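What follows is each chain in one-letter form.
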Amino acid sequence: DGDLVGFLSRSEHVLHTQLSDDVPLARRQVESIIDGLRSLLHPLRRKVIHLETIDGAPAAQWAHVPLCRELGVHVAPGGLTLRLDPPSGMRNARR
């Protein structure tokens with residue numbers, strides 16, 4: 001809706017958010033943030049985004065981690081990881 005709800009640092013490891021206190025709206029905002037991060041992924045530039053810190057705390061402790069997992073974000077050592085999905089039909093192909 002045009003509101004700034006998240007800012008990714010230049011290092012791409014730190015995310016700052018400004019989410020609503022309204023739970024359904026905050027859910028939509030988190031979905032929007034994940035969609036925005038996913039839009040940064042591209043096979044020729046960036047295949048992974050790894051968040052170490054969200055709002056000044058370890059990313060894996062963020063209150064919205066369960067929703068992030070539903071949206072395809074993985075909990076990894078040291079934070080949260082979003083990976084570029086393999087092309088359709090290539091999910092089990094060797095690389």
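Residues numbered from 1 in each chain as written. Predicted model: local features only at pLDDT ≥ 70, side-chain atom pairs only at ≥ 80, totals over all residues. Heavy atoms only, no water.

Section: helix α1 (residues 23-40)
- Along its 18 residues, α1 runs 26 Å from first to last C-alpha, staying within 8% of the 26 Å computed at 1.5 Å per residue.
- Packed against the buried residues of α1 are β1 (6-8), β2 (14-17), β3 (48-51), α2 (65-70) and β7 (79-83).
- The opening residue of α1 is D22, an N-cap whose side-chain oxygen sits 3.1 Å from the backbone nitrogen of L25. (Helix = DSSP H or I, 4+ residues; strand = E, 2+ residues; numbered from the N terminus. Expected span 1.5 Å × (residues − 1). Contact = heavy atoms within 4.5 Å. Polar contact = N/O pair within 3.5 Å; in protein donor to acceptor, adjacent residues only side chain to side chain.)

With respect to unusual backbone geometry
- The phi dihedral of E12 falls on the positive side, at around 65°, and the residue is not glycine.
- Tracing the chain through its elements places E12 in the loop between β1 and β2.
- The exposure class assigned to E12 is partly exposed, which follows from its relative accessible area of 22%.
- Even without a glycine there, the phi angle at D55 is positive, about 55°.
- Position of D55 relative to the elements: it lies in the loop between β4 (53-54) and β5 (57-58). (Buried < 20%, exposed > 50% of the residue type's maximum accessible area, 1.4 Å probe, protein only.)

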